[in-house]
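As a plain string of letters, each chain reads:
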Amino acid sequence: MTGKIPTVEGIPVLPLSHKDDGSWVRPETANDAINPAPSRWYLKAQASALRSGLYIGMTLHYMASPRPPNPNFTLTIPSLLSKHKGTFTLQFYTPKGYEDAAKHGKRYPAVVNFHGGGFTIGNGTDDARFARYVLETCDAVFVSVDYRLAPEYPFPTAVDDAADALFYLIRQSADLHIDPMKLATSGFSAGGNIAITATLRFNEHLKELADPDNKAPPVPEHKIRAIATWYPVTDYSISRAEKRATCVKPESTLPPAMTNLFDGSYLYPGDIKMAHPWLSPARASDDELREAIPQNVLVYTCEWDMLQKEGEAFAKRLAAEPLNKTVHHRMIPGVAHGWDKSPDPLKPAIHTQEVYTDCCRKLLAIFNAVD
């Protein structure tokens, strides 16, 4: 192997394995991707410490003017799809006039959002700055899902909770003043993955409900019209080492200590297939993507992110034959993964106003283009 070995924070980044012809050997299971696997106790301790640090960072992030909104109300709902039974919370941000919706019979579009954090850290309020743009530009309800986190709840719990949230909002749409024919998903980083995979899980359960032997009540008429996914992970069958080494600025990617924690927490047990479509939507079949992914997909990637290339490749695949989705892909130049969550208390991160506005104007046009 020749050439300069890339480093991240001074740590040499080598592939898990490398062929003489320069191609990469890719992990097939979680055991291949995480070897050796840390103990679950260790992962829980590390996740707890990182969650405390994130709280401080997000507190600073919220301080920059204009301050992001607080949720107007929350609802705790049961998990029905996951084998890990329990509850999780939905954070509701509502547009101006929502309180009077019942008087006028008005229904609002809804953007169902999933926060980032490697499936291991983060909260439903982390994307409150984006919520403000959705409220003001789209005149839509913003519902941010506090899905349950790994390592306590590994794959596919987050995806199950996401699909459960969609079913709940559709079934309760009248009481929540939501138009079930005008839905979109959104998400950042790990949440960007969930914004995509939730539709795959949702579609799979719709098929189960269609079984004549299934006694569940029918799902009301609905339409998921768009996905807005921000710097998502789309393909776990590509090793982290390969992603770093092929990034245009590997020294700006998330450090291995953090991604090892995220992957070790979420990718469990070890026999999980990295090509599972609810984990790696880029590995889903054309039929799965054609059926589950809405016609409109907005993909935002970061130039210095190790996930940029796979996000762009996924966008191109969706737009091409035979899927022919309407795709808008935009790479934000000169920024790293999660740039918009900068902990600068003096001002919001560069480009956020422009790209958040761009996304929400496109969502508004999609909501208004009723069939």
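Numbering of residues starts from 1 in each chain and follows the order in which that chain's sequence is written. Given that this is a predicted model, residues contribute local features only at a pLDDT of at least 70 and side-chain atom pairs are listed and counted only at 80 or more, while totals for whole chains, interfaces and linings are drawn from all residues. Each side-chain value is worked out from all heavy atoms of the structure, with water and hydrogens disregarded.

**Topic: the layout of surface pockets**
- A cavity here means a set of points on a 1 Å grid, drawn over the protein atoms and nothing else, where a 1.4 Å probe fits but cannot get out; a pocket is an open set with protein on both sides within 12 Å along at least five of seven lines, and a residue lines either one if it has an atom within 4 Å of a point. Grid points are joined across faces, edges and corners, and a volume is the space filled by probe spheres set on the points. Here the largest pocket is characterised by a volume of approximately 670 Å³.
- Leu-54, Gly-117, Ile-121, Leu-254 and His-337 are the residues nearest the centre of the largest pocket, which is lined by 34 residues in total.
- To qualify as a helix, a DSSP run of H or I must reach at least 4 residues; to qualify as a strand, a run of E must reach at least 2; elements of each kind are numbered from the N terminus. Secondary structure elements with two or more residues in the lining of the largest pocket: helix H2 (40–63) and helix H9 (256–266).
- Take the lining of the largest pocket: its biggest share by element is five residues, from H2.

**Some words on the packing of aromatic side chains**
- To pair, rings of Phe, Tyr and Trp, with the six-membered ring standing in for Trp, must have centres within 6.5 Å; the planes then decide the type, stacked if under 30 degrees apart, edge-to-face if over 60, and tilted in the middle. Under the criterion given, the structure shown has 18 aromatic pairs.
- Ring geometry for Phe-73 and Phe-92: centres 4.5 Å apart, planes at 10 degrees, overall stacked. Pair noted here: Phe-73 is in strand E3 (residues 73–78) and Phe-92 is in strand E4 (residues 87–93), with a separation of 19 residues, a long-range link.
- When a residue's accessible area, from a 1.4 Å probe over protein chains only, is under 20% of the maximum for its type it is buried; when over 50% it is exposed; and in between it is partly exposed. Owing to a relative accessible area of 25%, Phe-73 belongs among the partly exposed residues under this scheme.
- Put simply, the rings of Tyr-93, Phe-130, Tyr-133, Phe-142, Phe-188, Trp-230, Tyr-231, Tyr-300, Trp-339 and Tyr-356 touch in pairs and so form one group of aromatic residues.
- Here Arg-132 stacks its cationic end above the ring of Tyr-133, 4.9 Å away from the centre of that ring.
- The rule for a charge over a ring is simple: NZ of Lys or CZ of Arg within 6 Å of the ring centre, and within 35 degrees of the ring normal. For the cation-ring pair, Lys-243 lies above Tyr-236, with the distance from its terminal atom to the ring centre recorded as 5.6 Å.

**So, the pattern of salt bridges**
- A pair is scored as a salt bridge if a Lys or Arg side-chain nitrogen falls within 4 Å of a carboxyl oxygen belonging to Asp or Glu. Applying the stated rule across the entire model yields 18 salt bridges.
- The shortest N-O distance in the salt bridge between Lys-207 and Glu-291 comes to 2.8 Å. Of this pair, Lys-207 sits in helix H7 (residues 190–209) while Glu-291 is found in helix H10 (residues 286–292), placing the two residues 84 residues apart along the sequence.
- With relative accessibility at 45%, the residue Lys-207 sits in the partly exposed group.
- Judged by its relative accessible area of 46%, Glu-291 is partly exposed.

**Examining the nonpolar core**
- For this analysis, a nonpolar core means a set of buried residues of the types Ala, Val, Leu, Ile, Met, Phe, Trp, Tyr and Cys, connected via side-chain atoms within 4.5 Å. Leu-90, Phe-114 and Tyr-266 are the most contacted members of the largest nonpolar core, which totals 64 residues.
- Of all hydrophobic cores here, the second largest spans 31 residues; its members include Phe-130, Val-134, Cys-360 and Leu-363.

**Details of the sheet that holds E3**
- Strand order across the open sheet formed by eight strands is E3-E4-E6-E5-E7-E8-E9-E10, with mixed pairing between neighbours. Looking at the sheet topology across the chains shown, the edges are occupied by E3 and strand E10 (326–332). In this sheet, adjacent strand axes meet at a mean angle of 20 degrees when their direction is disregarded.
- Lying over the sheet, helix H5 (residues 157–171) contacts E3, E4, strand E5 (108–114), strand E6 (141–146), strand E7 (178–188) and strand E8 (224–230), oriented at roughly 55 degrees with respect to E4.
- Here, two residues are considered to be in contact whenever any of their heavy atoms come within 4.5 Å of each other. With axes taken as lines fitted to C-alpha atoms, and helix axes fitted only over the stretch in contact, angles between N-to-C directions fall between 0 and 180 degrees. Of the strands in this sheet, E5, E7 and E8 are in contact with H7, which crosses E7 at around 140 degrees. Each pair of strands is called paired provided DSSP finds at least two bridges between the two strands.

**Remarks on H9**
- Buried residues dominate H9, accounting for eight of its 11 residues.
- Of all the residues in H9, the buried ones are Pro-256, Thr-259, Leu-261, Phe-262, Asp-263, Gly-264, Ser-265 and Tyr-266.

**As for the UniProt feature "domain: Alpha/beta hydrolase fold-3" (unreviewed entry) in the protein chain**
- Cross-referencing UniProt, the feature "domain: Alpha/beta hydrolase fold-3" (unreviewed entry) maps to residues 111–339 in the present numbering.
- End C-alpha to end C-alpha, residues 111–339 measures 22 Å, and it is 38% helix and 18% strand. UniProt positions are given in the numbering used here, feature names are shortened, and annotations may be inferred rather than shown by experiment.

**Side note on the state of the cysteines**
- Throughout, a disulfide means two cysteine sulfur atoms within 2.5 Å of one another. Taken as a whole and judged by the stated rule, the model has zero disulfides.
- The thiol of Cys-138 is not disulfide-bonded; the next cysteine sulfur, from Cys-360, is found 4.3 Å away.
- Among the residues examined, Cys-138 registers a relative accessible area of 3% and is labelled buried.
- Of the cysteine sulfurs around Cys-247, a residue in no disulfide, the closest is that of Cys-302, at 10 Å.

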